[in-house]
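Chain by chain, the residues run as shown.
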There are 2 protein chains.
Amino acid sequence: MPKRPPASSAAHPDADPARSPSRPAGAPPQGAQTLLRGLDVLEAVAAGIGDLPGLSSRLGMTRTTVHRLATALVDRRYLNFVPRQGYSLGPRLMELGFRAQRDMPVRQAASQHLKRLAERTQDTVQLAMLDGDEVLYLDKVSGQRLFEIRSTIGDRHAVCSTGLGKALVLDMDEARWNAFFDLREPGNASPLAPTREEWLGRMRAYAAAGVAFDLEETEAQLRCVAVPIRDASGAIVAAVSVSSFAQYMQPERMQELSSEVRRTAQAIGEALGWRGPRS
Amino acid sequence: MPKRPPASSAAHPDADPARSPSRPAGAPPQGAQTLLRGLDVLEAVAAGIGDLPGLSSRLGMTRTTVHRLATALVDRRYLNFVPRQGYSLGPRLMELGFRAQRDMPVRQAASQHLKRLAERTQDTVQLAMLDGDEVLYLDKVSGQRLFEIRSTIGDRHAVCSTGLGKALVLDMDEARWNAFFDLREPGNASPLAPTREEWLGRMRAYAAAGVAFDLEETEAQLRCVAVPIRDASGAIVAAVSVSSFAQYMQPERMQELSSEVRRTAQAIGEALGWRGPRS
DNA sequence: AATGAAGTCCCAATATATGGGATTTCCAAA
DNA sequence: TTTGGAAATCCCATATATTGGGACTTCATT
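A brief look at the structure comes next. (Residues numbered from 1 in each chain as written. Chains lettered and ligands numbered in written order. Predicted model: local features only at pLDDT ≥ 70, side-chain atom pairs only at ≥ 80, totals over all residues. Heavy atoms only, no water.)

### Overview of the protein's contact with DNA strand C
For step 1, the next point in the chain: For DNA strand C, the set of nearby residues contains 20 residues, the closest of which are A:Gln33, A:Leu52, A:His67, B:Thr65 and B:Arg68.
For step 2, the next point in the chain: In the environment of DNA strand C, a phosphate oxygen lies 3.4 Å from a nitrogen or oxygen atom belonging to the side chain of B:Thr62.
For step 3, the next point in the chain: Broken down by secondary-structure element, the contributors of at least two residues to the surface near DNA strand C are helix 1 (33-46), helix 2 (52-59) and helix 3 (63-75) of chain A together with helix 1 (33-46) and helix 3 (63-75) of chain B.
For step 4, the next point in the chain: Of the residues in the surface near DNA strand C, the class split is five nonpolar, ten polar and five charged. (Near = heavy atom within 4 Å. Polar contact = N/O pair within 3.5 Å; in protein donor to acceptor, adjacent residues only side chain to side chain. Helix = DSSP H or I, 4+ residues; strand = E, 2+ residues; numbered from the N terminus. Nonpolar A, V, L, I, M, F, W, Y, C, P; charged D, E, K, R; others polar.)

### A look at the relation of the copies chain B and chain A
For step 1, the next point in the chain: Of the two same-sequence chains, chain B is brought onto chain A (RMSD 0.1 Å, axial shift 0.0 Å) by a rotation of 180 degrees. Given the turn and translation reported, the copies of this chain are related as if by a two-fold rotation axis.
For step 2, the next point in the chain: The overlap is high: 94% of the interface residues of chain B also sit at the interface in chain A, so the same surface is used on both sides. (Least-squares fit on C-alpha atoms with pLDDT ≥ 70 in both. Contact = heavy atoms within 4.5 Å.)

### What about the interface of chain B and chain A?
Interfaces are often sized by the amount of accessible area the parts lose when they come together.
For step 1, the next point in the chain: Contact with chain B, which involves 50 residues of that partner, is made by 49 residues of chain A.
For step 2, the next point in the chain: When chain B packs against chain A, the two sides together hide about 4,800 Å² of surface, and 63% of this comes from carbon and sulfur.
For step 3, the next point in the chain: By the criterion of area lost to chain A, the three top residues of chain B are B:Arg76, B:Met94 and B:Phe98, representing 15% of everything that side buries.
For step 4, the next point in the chain: At the boundary of chain B and chain A, one finds ten salt bridges. (Buried area = accessible area lost by both parts, 1.4 Å probe. Salt bridge = Lys/Arg side-chain N within 4 Å of Asp/Glu carboxyl O.)

### With respect to the pattern of salt bridges
For step 1, the next point in the chain: If you walk through the whole model with that rule in mind, you get 46 salt bridges over all chains.
For step 2, the next point in the chain: The salt bridge partner of B:Arg76 is A:Glu43, with a shortest N-O separation of 3.3 Å. Residue B:Arg76 is found in the loop between helix 3 and strand 1 (79-82), and its partner A:Glu43 is found in helix 1; the two belong to separate chains.
For step 3, the next point in the chain: Of the charged contacts, one joins B:Asp103 and B:Arg102 as a salt bridge, the two residues approaching to 3.3 Å between their closest N and O atoms.
For step 4, the next point in the chain: Judged by relative accessible area, which is 37%, B:Arg102 ranks as partly exposed.
For step 5, the next point in the chain: Salt bridges sharing partners connect three or more residues here, namely A:Asp40, A:Glu43, A:Asp131, A:Glu134, A:Arg156, B:Arg76, B:Arg77, B:Arg92, B:Glu95 and B:Arg99. (Buried < 20%, exposed > 50% of the residue type's maximum accessible area, 1.4 Å probe, protein only.)

### Let's talk about the protein's contact with DNA strand D
For step 1, the next point in the chain: Within the structure, DNA strand D sits among 18 residues, and A:Thr65, A:Arg68, B:Gln33, B:Leu52 and B:His67 are positioned closest to it.
For step 2, the next point in the chain: Looking at DNA strand D alone, sugar and phosphate atoms form 76% of those within 4 Å of the protein.
For step 3, the next point in the chain: Between DNA strand D and A:Gln33, the relevant distance is 3.3 Å, taken from a phosphate oxygen to a side-chain nitrogen or oxygen of the residue.
For step 4, the next point in the chain: A distance of 2.5 Å separates a phosphate oxygen of DNA strand D from a polar atom in the side chain of A:Arg68.
For step 5, the next point in the chain: Secondary-structure elements contributing two or more residues to the surface near DNA strand D are helix 1 and helix 3 of chain A together with helix 1, helix 2 (52-59) and helix 3 of chain B.
For step 6, the next point in the chain: When its residues are assigned to classes, the surface near DNA strand D shows four nonpolar, ten polar and four charged.

### Structural notes on the side chain of A:Arg156
For step 1, the next point in the chain: Structurally, the position occupied by A:Arg156 is in strand 5 (residues 156-158).
For step 2, the next point in the chain: Within polar-contact distance, the side chain of A:Arg156 engages the side chain of A:Asp131 at 2.6 Å.
For step 3, the next point in the chain: Within the local environment of A:Arg156, its side chain forms a polar contact with the side chain of B:Glu95, the two groups lying 2.4 Å apart.
For step 4, the next point in the chain: If we skip the residues at most four places from it in the chain, A:Arg156 touches A:Asp131, A:Glu134, A:Val135, A:Leu136, B:Arg92 and B:Glu95.

### What to know about the nonpolar core
For step 1, the next point in the chain: Residues A:Val41, A:Leu79, A:Val240, B:Val41, B:Leu79 and B:Val240 are the most contacted members of the largest nonpolar core, which totals 152 residues.
For step 2, the next point in the chain: Dropping the residues within four chain positions of it, B:Leu79 is found in contact with B:Val41, B:Leu42, B:Val45, B:Ala70, B:Leu73, B:Val74, B:Tyr87, B:Ser88, B:Leu89 and B:Gly90. (Core = buried A, V, L, I, M, F, W, Y, C linked by side-chain atoms within 4.5 Å.)

### A closer look at the sheet that holds strand 6 (residues 212-215) of chain B
For step 1, the next point in the chain: Sheet architecture is open: six strands sit in the order 5-4-3-8-7-6 (chain B), paired in antiparallel fashion. Both outer strands of the open sheet, strand 5 (156-158) and strand 6 of chain B, are each paired with one neighbouring strand and no more. Here the average twist between neighbouring strands, direction ignored, is 30 degrees.
For step 2, the next point in the chain: Bridge count between strand 7 (residues 222-230) of chain B and strand 8 (residues 236-245) of chain B: nine bridges; the pairing is antiparallel. Looking at the pairing, B:Val225 lines up with B:Val242 of strand 8 of chain B.
For step 3, the next point in the chain: Its contacts with the sheet place helix 4 (residues 91-103) of chain A against strand 3 (124-131), strand 4 (134-141) and strand 5 of chain B, and it is angled at close to 60 degrees to strand 4 of chain B. (Pairing = 2+ DSSP bridges. Axes fitted to C-alpha atoms, helices over the stretch in contact; angles between N-to-C directions.)

Function cannot be read off these values alone, since they describe shape.
In structure tokens form, the structure reads like this:
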């Protein structure tokens, strides 16, 4: 009698193409259906669906159910509801999100180092981690140049699209690299976008050097130098990068920056208990 | 061993000192217990409780229940779990939080205006809204001065403690003002903190002028000028402020800033559909 | 005034969450 | 290394919280 039409497990508003590396699948945690559905509602609203019929058809739940969950979320200020306009993300979510960012251990350890690096290089410095199969931006210190590099804390990007992404997966094997290449962002038609073989070749070189570059592969004129950060276990937990426009990023400067950024990454790693290349 | 961490300001699902203005109470929305409990877990973690026994005693749920909910939240990346350390806020929360901030209509409408105001005044400009009984900071543009005003997007403060708070409640009646005075932050022992009567008197003057000040009432040397922002309905939906240290905030300058900030608030209001003082 | 779409409310049926307790894991002291 | 104990995880019968069909209420538009 209860409908069992679609989605038993996930109802991801963004249709995550590859959820594999996280869990063996087939094991959607049980005993929290209502919570999970509530989160689905939250995420659908984040994806821009603001009306009840839209949510219920998108999520495969009845209007009644969505309404009940959304009402609870509004009551707790996780969502706003404006009669004629629909639902939107609420202030409590904002509050918790900023707290999450502030409390992120890597971010705390990195904060001063990032500022210092930005001062020294005059360029935009960024910190990111891997979340799922994507790069999640944790922090950013804008440089002193006349332009602004457009990216925002909390944004996500495909691993291939950025120097940070490459730095984050430097330790993985070629099979994984291949998988990430398959996940590259669709709209990316940059003339300098590498073929699969070129990309793998560069990754090998980056892995050997412990530094990754991005050479206008995604965005024309935009280059960056990124280095992984390791914690006490030696695993890569984040990455720092310096980005700038091509005119400031000639090959020699990228070399210089490599050492500079590497020093920063090392300092941050040490704050996290990393003991250096040898242990 | 129920640890009793300071559990400072935030997120008490039940201990909220004044939940009155939102709903008559006694009407916790029904049919979403599991979702609500899940959010309780989220908020308890945000308040710094990271272990299962702590959470279960704090929230009055069995270990089993907390574990089940927390596992679901970890699975969705709303929480992190590190074996020896416990739970912490997860990356998805950060992502949604930043998106919530970015999508907040007032913030979008205000963004450029805030930057312009910060350039003109050289001082720190902030944007806030009322959330529940507290002031929630929505945006901040740092000034060019040598010092930095410490406050963070996503933070909350008591209405009395800030110029922004006062600006946000300028339209309310004296009964409400009194209630807010009762909610002032406990630790505030500033020598310049006003008595109840002084505070009400000032509020009357601010309401008449349409501008609110903060004269080192909370933090020594810190002064600010704040003006409410109105939307199409004429209601106060947010407030802008310029803050600086006392040496830059002599009476004449505060007068000049009043007009400047008022102009900014007006421009933002117009972007939200406000039609000016008369309608 | 009529129409229709979105949002809200109610209630019986049952799928779903609950918590007691057993079991495993892991650290720290002996 | 062994042992003790605390935290985390798992299991399952029970009862309760959630579900969804359907009816009702707004409210904007025709």
